[in-house]
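So you can see what is in the structure, the chains are spelled out below.
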Amino acid sequence: MAAASLGEVIWVIGIVAWYVIRYPFERRARRVRIVTGYRSRSDIVGLASALFGLAILPAFYVVTGMPAAADHPASVWAVALGTIIFCSALWVFRRSHKELGRNWSITLEIRERHELICAGPYALVRHPMYTSFLLMGLGQVFLLANWIAGISGLIGFAVLFLLRVDEEERMMLENFGPQYRAYMEKTRRIVPYLY
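K.L.:
Hey, could you run me through the overall build of the chain in this one?
P.N.:
Looking only at helices and strands, the chain features five helices and two strands. Seen in sequence order, the chain has helices and strands lined up from the N terminus as α-β-α-α-β-α-α. Compactness check: the chain gives a C-alpha radius of gyration of 17 Å against a globular reference of 16 Å for 195 residues, within 12% of the reference. Reported as C-alpha extents along the three principal axes, the dimensions of the chain are approximately 55 × 30 × 25 Å. Taken across its 195 residues, the chain has 45% of its residues classed as buried. Accessible surface, the chain as shown: approximately 10200 Å² in total, 67% of it carbon and sulfur. If the 21 positive side-chain charges of the chain are averaged to one point and the 14 negative ones to another, these points end up 6 Å apart.

In structure tokens form, the structure reads like this:
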């Protein structure tokens, strides 16, 4: 199998794994009452951008091969590196969901008996779910031998992150006050020890 085809197959398996990880948490979340919702137009735009860049556009490329003009030579080392990065993303994604448990939601919401989680990946960064999206986007760059489809995940993640993270931190400060402020002082946003 050619390196480009192998990268595409691994990307598809990664996206399926992403959905398999998310699905049970999504089902459970529907059973926990939402106390306060912070859904905004920018939140919807951010989520749509991430979905488009991390799933829809690359899936279109994998199925159709378009835009072929943006293809570049694939290499085995790039596919191997992309696989490691994407697997790391899935591990962080799973751990983040597991730690959040009943507190998880796809949009900005405070749920009944919501708790501030500071364990697992949350001990290092405040937003490990975004860390996982950043890693997925980076893995996608190496797995898909197409400049447009490859980089679309990072662009989609960046739009989501920039439109949402400040709003999310305001929501947490409103609900957890000094406890969240102290947590902010001990952690970084998405990259341990850096940012």
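K.L.:
Help me out: how do you make sense of helix α4 (residues 128-143) in this one?
P.N.:
Along an α-helix, residues three or four apart share an orientation, since each turn contains 3.6 residues. The end-to-end C-alpha separation of α4 is 22 Å, in line with the 22 Å expected for 16 residues at 1.5 Å each. Those residues of α4 that sit buried are Pro 128, Met 129, Tyr 130, Thr 131, Ser 132, Phe 133, Met 136, Gly 137, Gly 139, Gln 140 and Leu 143. If you follow the buried residues of α4, they end up packed against α1 (3-29), α2 (41-64), α3 (76-100) and α5 (147-186).

K.L.:
What should I look at first to understand the side chain of His 127 in this one?
P.N.:
Assignment of secondary structure puts His 127 in the loop between β2 (109-111) and α4. Among the residues examined, His 127 registers a relative accessible area of 4% and is labelled buried. Excluding its chain neighbours within four sequence positions, the residues that come into contact with His 127 are Val 165, Glu 168, Glu 169, Tyr 180, Arg 189 and Ile 190.

K.L.:
How do you make sense of the environment of Phe 157 when you look at a structure like this?
P.N.:
By secondary structure assignment, the location of Phe 157 is in helix α5. Each C-alpha atom of the pair Phe 157 and Phe 133 lies 6.2 Å from the other, and the pair is 24 residues apart in sequence. Aside from chain neighbours lying at most four places away, what touches Phe 157 is Tyr 130, Phe 133, Leu 134 and Ile 190.

K.L.:
Looking at this structure, I do not really get a nonpolar patch on the surface. What am I missing?
P.N.:
On the surface, Met 1, Leu 6, Val 9 and Ile 13 cluster together to form a nonpolar patch covering roughly 410 Å² of accessible area. Tracing the chain through its elements places Val 9 in helix α1.

K.L.:
Help me understand the confidence of the model for the chain in this model?
P.N.:
Interpreting fine coordinate detail is not advised for predicted regions of low pLDDT. Per-residue pLDDT for the chain averages 95, and the proportion of residues at 70 or more is 100%. Across the chain, element-level confidence peaks in α4 with a mean pLDDT of 98 and bottoms out in strand β1 (residues 34-37) with 84.

K.L.:
Explanation requested: the packing of aromatic side chains in the structure shown.
P.N.:
For any pair of aromatic rings, the description rests on two quantities: the centre-to-centre distance and the angle between the ring planes. Following the criterion strictly, the structure yields eight aromatic pairs and no others. Seen from their ring centres, Trp 18 and Phe 93 are 5.3 Å apart, and the 25° between their planes marks the pair as stacked. Highlighted residues: Trp 18 in helix α1 and Phe 93 in helix α3, separated in sequence by 75 residues. One exposure class covers both Trp 18 and Phe 93, and it is buried. Here Tyr 19 and Tyr 23 contribute two aromatic rings whose centre-to-centre distance is 5.8 Å and whose plane-to-plane angle is 40°, an arrangement assigned as tilted. Taken as a pair, Tyr 19 and Tyr 23 lie in helix α1 at a separation of four residues, close to a single helical turn.

K.L.:
What exactly am I supposed to notice about the nonpolar core here?
P.N.:
Soluble globular proteins tend to bury their nonpolar side chains together. Membership of the largest hydrophobic core comes to 40 residues, with the highest contact counts inside it found for Phe 86, Met 129, Tyr 130, Phe 133, Met 136 and Met 172. Elements supplying a minimum of two residues to this core: α1, α2, α3, α4 and α5. With 10 residues, α5 is the single largest residue contributor to this core. Residues within four places of Met 129 in sequence aside, it is in contact with Arg 22, Phe 93, Ser 96, His 97, Leu 100, Trp 104 and Tyr 122.

What counts, and where the lines are drawn
- Residues numbered from 1 in each chain as written.
- Predicted model: local features only at pLDDT ≥ 70, side-chain atom pairs only at ≥ 80, totals over all residues.
- Heavy atoms only, no water.
- Helix = DSSP H or I, 4+ residues; strand = E, 2+ residues; numbered from the N terminus.
- Rg over C-alpha atoms; globule rule 2.2 N^0.38 Å.
- Buried < 20%, exposed > 50% of the residue type's maximum accessible area, 1.4 Å probe, protein only.
- Areas by Shrake-Rupley, 256 points an atom, 1.4 Å probe, with all protein chains shown as cover.
- Lys, Arg positive; Asp, Glu negative; His and termini not counted.
- Charge placed at Lys NZ, Arg CZ, Asp CG, Glu CD.
- Expected span 1.5 Å × (residues − 1).
- Contact = heavy atoms within 4.5 Å.
- Patch = residues over 30% accessible without salt bridge, like charges linked within 9 Å, V, L, I, M, F, W, Y side chains within 5 Å.
- Salt bridge = Lys/Arg side-chain N within 4 Å of Asp/Glu carboxyl O.
- pLDDT = per-residue confidence, 0-100.
- Phe/Tyr/Trp six-rings, centres within 6.5 Å; stacked < 30°, edge-to-face > 60°.
- Core = buried A, V, L, I, M, F, W, Y, C linked by side-chain atoms within 4.5 Å.

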